[in-house]
Amino acid sequence: MRYYTLREELSAGSRWTGGYDLGRQWQLPGVECSTCGVAWGGGGYDYPTVDLSGLAGSEDYERPRCVPWPEFSVLRERVLPWVPPGALVGPGAGFGPLTGRARGRFAPVVIHMPWILLLRPEVMSRLEGLTGAVPVPTRFKRARGAELVELEVLPGGRIAGAEAHKPCETCGRTTFVRPPLGKLRVADVPPVDFARPSASLVICSERVIDRLARELSESEVVAVDVGGGPSESATGQPG
Ligand SMILES: [Zn+2]
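Scope of this entry: the structure provided in the associated data block. (Residues numbered from 1 in each chain as written. Predicted model: local features only at pLDDT ≥ 70, side-chain atom pairs only at ≥ 80, totals over all residues.)

1. A word on the overall build of the protein chain
Quick note on the threshold: Strands are runs of DSSP state E lasting at least 2 residues, helices are runs of H or I lasting at least 4, and numbering of each runs from the N terminus. Throughout, radius of gyration means the C-alpha value; the globule benchmark is 2.2 Å times the number of residues raised to the power 0.38. The exposure scheme places C-beta atoms from the backbone and then counts, for each residue, the other C-beta atoms within 10 Å of its own, assigning buried at 20 or more, exposed at 12 or fewer, and partly exposed in between. We call two residues in contact when their backbone-placed C-beta atoms lie within 7 Å.
Across its full length, the protein chain holds three helices and 16 strands. The C-alpha radius of gyration computed for the protein chain amounts to 19 Å, which stays within 12% of the reference 18 Å derived for 239 residues, consistent with globular compactness. Buried residues in the protein chain amount to 33% of all 239 residues. Here the analysis covers contacts within the protein chain between residues at least 6 apart in sequence; of these, 80% occur between residues at least 24 apart.

2. Looking at the sheet that holds strand E3 (residues 30–32)
Put simply, the rule reads: Pairing between two strands is assigned when DSSP locates at least 2 bridges connecting them. Between N-to-C directions, angles cover 0 to 180 degrees, with each direction set by a line fitted to C-alpha atoms, over the stretch in contact for helices.
Spatially, the three strands line up as an open sheet ordered E4-E3-E5, and their pairing is mixed. Each edge of the sheet is formed by a strand with only one pairing partner; in this case those strands are strand E4 (39–40) and strand E5 (66–68). As paired strands, E3 and E5 are joined by three bridges and run parallel to one another. The partner of glutamate 32 across the bridge, within E5, is proline 68. In the packing of helix H1 (residues 69–79) onto the sheet, the strands contacted are E3 and E5, and the crossing angle to E5 comes to about 105 degrees.

3. Structural notes on the sheet that holds strand E14 (residues 194–198)
Each strand in a sheet pairs with another by means of backbone hydrogen bonds, the pair being arranged parallel or else antiparallel. With antiparallel pairing, the four strands of this open sheet are ordered in space as E14-E15-E1-E16. Each edge of the open sheet is held by one strand with a lone partner, namely E14 and strand E16 (221–228). Pairwise comparison of adjacent strand axes, ignoring direction, gives a mean angle of 40 degrees for this sheet. Relative to strand E15 (residues 201–205), E14 runs antiparallel, the two being bridged by three bridges. Directly across from serine 198, in E15, lies its bridge partner leucine 201.

4. So, unusual backbone geometry
A cis amide bond links methionine 113 with the next residue in sequence, proline 114, at an omega value of 0 degrees. Turning to its location among the elements, proline 114 is positioned in the loop between strand E7 (109–112) and strand E8 (116–119). Residues other than glycine seldom take positive phi values, yet aspartate 188 does so here, at roughly 55 degrees. Accessibility expressed as a C-beta count within 10 Å gives 11 for aspartate 188, which makes it exposed.

Set out below in structure tokens:
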């Protein structure tokens, strides 16, 4: 099965004027690492399905900040029982539905940042039976015309070449720089239709591209091939 990543390429004067200020109710802080000397956090490993309202001391996760690694490590341990199996939880990881303000006109498929996938609710039925994405309604204020659904996509696969870069033994940060689109290739993708090979990269299968062909075109979103096996449509069973 082949895989693609989605990119918004809005034309000048596009009718899709939608914009937002995004947040989530809870997040892990960023980290100041004394091993590699870098302060960092954020960037895509977010879990909108996770509800921390039942976690004692959940207010510890409501204020964005940067903390030393030992403090981060304790905060991280406390949320691990609440995250889905297979989740990677790093500095700046967000939990809960998207909040904030939205305004303007939104396309059927909206790619944000570009590692957040948002769909208009009426598009969701087209993904029925596909795997690897859990829909979570956003909770934007004043959301008329912006009733968007976010897809939670778990880590899966890897970017070819990333394994050559050794991560910091304390915080796990790596100096790997993602190749530009066109050169970027993914490997070891599990047999699902949506996966996240790195924090800032979401990929989807050719089945998704087929199902959403009309919506992607209408949304001015392009699908960029990032590799995988031969196309399923080209490898049908003989007979
Ligand atoms: Zn480090």
